[in-house]
Structures are given as C-alpha cells and as structure tokens.
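# Tertiary structure, described
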Amino acid sequence: MGSFIEISEVGPRDGLQSIKRIMPLAAKKAWITAEADCGVPEIEVGSFVPAKILPQLADTAKLVAHARSIDGLKVAVLVPNLRGAQDAIKAGTHKITIPLSASETHSLANVKRTHKQMLAAVREIANLIKSAPKNKRPLFEGGISTAFGCTLEGAIPKAKILELAHALMDAGCDEVGLSDTTGYATPDHVISLVKAVKNVVGEQNLKGLHLHNTRGLGLTNVFAALEHGITTIDASLGGIGGCPFAPGASGNIVTEDLVFMLDSMGFKTGIDLGALLKVRDIVTDALPGEPMYGFIPDAGLPKS
Ligand code: ZN
C-alpha cells in the first residue's frame, strides 16, 4: 500500500468508440482538460483508424495536439496498423498501443488480419519508432485483447497468450498489456495470467490491465491484479459506452469507483475524486441521455 497506481482514462477512445452520436470536438477537449486538471496522469484520447470506419474518432490528431499542450499529461492512442502509427508519431503521441486479439477469429472479424500479419505490422511499427528522433519516440505497447476469452472462440488457451506475449516483445514492443475486451475475467484468472505473462516477458514488461465491467467483476479483478504487480489500470469516466452484450452494464470499469477504491486502500493516484465527479457534467451536457454508470457518483463520498 502507499504506492502509486497509474490510472489511464480511456473514455474518449474506448467509451466513445461504441457511441454513434458524435461528441463535438470542443466537448472532448474540455473533457480531457478537466480530467487532467483533476490529476489524471494518462488519457487515451483516440484511435488512428480511418474516419469512415469510426467517424466518432476522426478528430484524434486534433485531440493529441490539444492534450500535448497540457503540462505533464501522458497522451496515449490506439493504432491498428503502420499507417496509424505514422499518424500517431507525427502528432506527437507519448504512448501507442496496438491491439492484438488473442482470438484469431476475432482478429480476422475485426481487422481482417491473422496473428502473423499483425506481428509483421508490430515489427514495422517498432522499426518506424526506432527511426524517429529520440525525443519523438512513443512508448510502444502490445495490447493483447480478448486475453480472458472471446465471444466467438470462447476460452483462449493460456499457452496461446504466452506465445503472443513473447512474440510481441520479440517484434519490438516495449511492453505488453492484457485486455479483458469481453468482460469474461475472474480474479483467479487475472492472477494466473498476470503471473504467467510476467514470467515470460519479465516483471517490468507487463504493467497494464484493461478491464470491462460486463459481469460486475471489474474492481475485484483490479484488486487481484494489484496484488500481483500490475501498476496501470485503464478505466473510463462514468463507464461510458456501456456493453452491447449486457444491457445495464457499464463499459470499462468506472474511473470514479476505481479512484475511490484505490484512495480508500491507501494507494496514491494523484486524482482529486471530488473534482473528478464534476467532470461527468461535461460528458452529460455533450451527450444528453447517454447512460453514465458508477456507484460513487450515485452514493456520494462518505464523510471523513
Ligand atoms: Zn476495451
């Protein structure tokens, strides 16, 4: 306890990605600024995908530029391929994550690429980063998605995850992350996979966990992960975006609830929870009627 846990806000990317109604650029900028002002250390501001595939994220380059102007904020984006990485580096992103779906069926359905093709892209991106001037090189994370199971393939064998984690590092990633894209993870599964992957890639090369709260186990899974050396947790304000497979369930774990749990346990997040709760208004005003989740926002902060 007492150590720093880095919360990475992914609402502007993962949350908005599943919302059709476009959030105006000005509101996104205000959201990012407000969260940074609360002390959120890292924000994933968007994804460099073609605008015709995800019109909601078409303004990612503008958001990177905006977020870069905020002192001390780490600016992260998702990139699906080399082209996306080129755009991300040009924009001056601090961290890029390429998602590699552990389920090859999911990978083919989603990005029409096999594991082999994705790993070839990872290698190209790693070379691109190496060729950039030192101060323009982003941290490069290989995010293993559907790591805890896939809606198409079901359970993914642990050996497959370990093989991919090793392959991502071998192809030039700085670190790997684990994503519970489908919300299947349970605490025992988190512990066993985190331990096994750290064994393969090294203690320092698996820091981050990306969780969804589809089945209500998000924070329990965080607790399990913290006990086993995970130090970066993705979350989204108000758990926005929801879950298409589970009506009433939030999307990502809710940032406000996560901060509350970590604060209460004596971890440091650097985030002012009272101020963070007010940031919800920016999202609600820009997307009226869009469900916002979270227990702390409803229950309020306890007296102390
Ligand atoms: Zn996600």
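Here we summarise the structure given alongside this text. Quick caveat, the model's predicted, so the values are computed rather than measured.

Considering the arrangement of structural elements, one finds Gly 270 in the loop between helix 10 (255-264) and helix 11 (273-286). You can call Gly 270 exposed: its relative accessible area is 56%. Separated by 266 residues in sequence, Gly 270 and Phe 4 have C-alpha atoms that sit 8.1 Å apart. Contacts of Gly 270, omitting those with residues within four sequence positions, involve Phe 4, Cys 38 and Gly 39.

Before going further, it helps to examine the coordination of the zinc ion. Ideal geometry at a metal centre: 109.5 degrees between donors when four sit tetrahedrally, and 90 or 180 degrees when six sit octahedrally. For the zinc ion, the full set of protein donor atoms is Asp 14 (OD), His 210 (NE2) and His 212 (NE2), and the range of their distances to it is 2.0 to 2.1 Å. Between consecutive donors of the zinc ion, the numbers of intervening residues give the motif D-x195-H-x1-H. On the accessibility criterion, His 212 (13% relative accessible area) is buried.

For helix 11, the full list of buried residues reads Leu 273, Leu 276, Leu 277, Val 279, Arg 280 and Val 283. All buried residues of helix 11 project into a common sector of 145° when viewed along the axis, lining one side. For helix 11, exposure combined with an orientation more than 90 degrees from the buried face picks out Lys 278 and Asp 285. In this structure, the buried residues of helix 11 make contact with helix 2 (25-37), helix 10 and helix 12 (296-299). Where helix 11 begins, one side-chain oxygen reaches toward the backbone nitrogen of Gly 274, 3.1 Å away; that side chain belongs to Asp 272.

The subject of this paragraph is the pairing of strand 2 (residues 42-47). The buried fraction of strand 2 amounts to 6 of the 6 residues, a majority that puts the element mostly inside the structure. Bridge count between strand 1 (residues 6-9) and strand 2: 2 bridges; the pairing is parallel. Of the residues in strand 2, the one forming a bridge with Ser 8 is Glu 42. In this view, the connection linking strand 2 to its parallel neighbour strand 3 (residues 74-78) by way of helix 3 (residues 60-68) has right-handed handedness.

About the criteria used
- Residues numbered from 1 in each chain as written.
- Predicted model: local features only at pLDDT ≥ 70, side-chain atom pairs only at ≥ 80, totals over all residues.
- Heavy atoms only, no water.
- Helix = DSSP H or I, 4+ residues; strand = E, 2+ residues; numbered from the N terminus.
- Buried < 20%, exposed > 50% of the residue type's maximum accessible area, 1.4 Å probe, protein only.
- Contact = heavy atoms within 4.5 Å.
- Donors = N, O, S within 2.8 Å, 3.2 Å for Na, K, Ca; no water.
- Arc of directions from axis to C-beta.
- Polar contact = N/O pair within 3.5 Å; in protein donor to acceptor, adjacent residues only side chain to side chain.
- Pairing = 2+ DSSP bridges.
- Right-handed = clockwise from strand over helix to strand, strands pointing away.

Take it as geometry only, folks, not as evidence of what the structure does.
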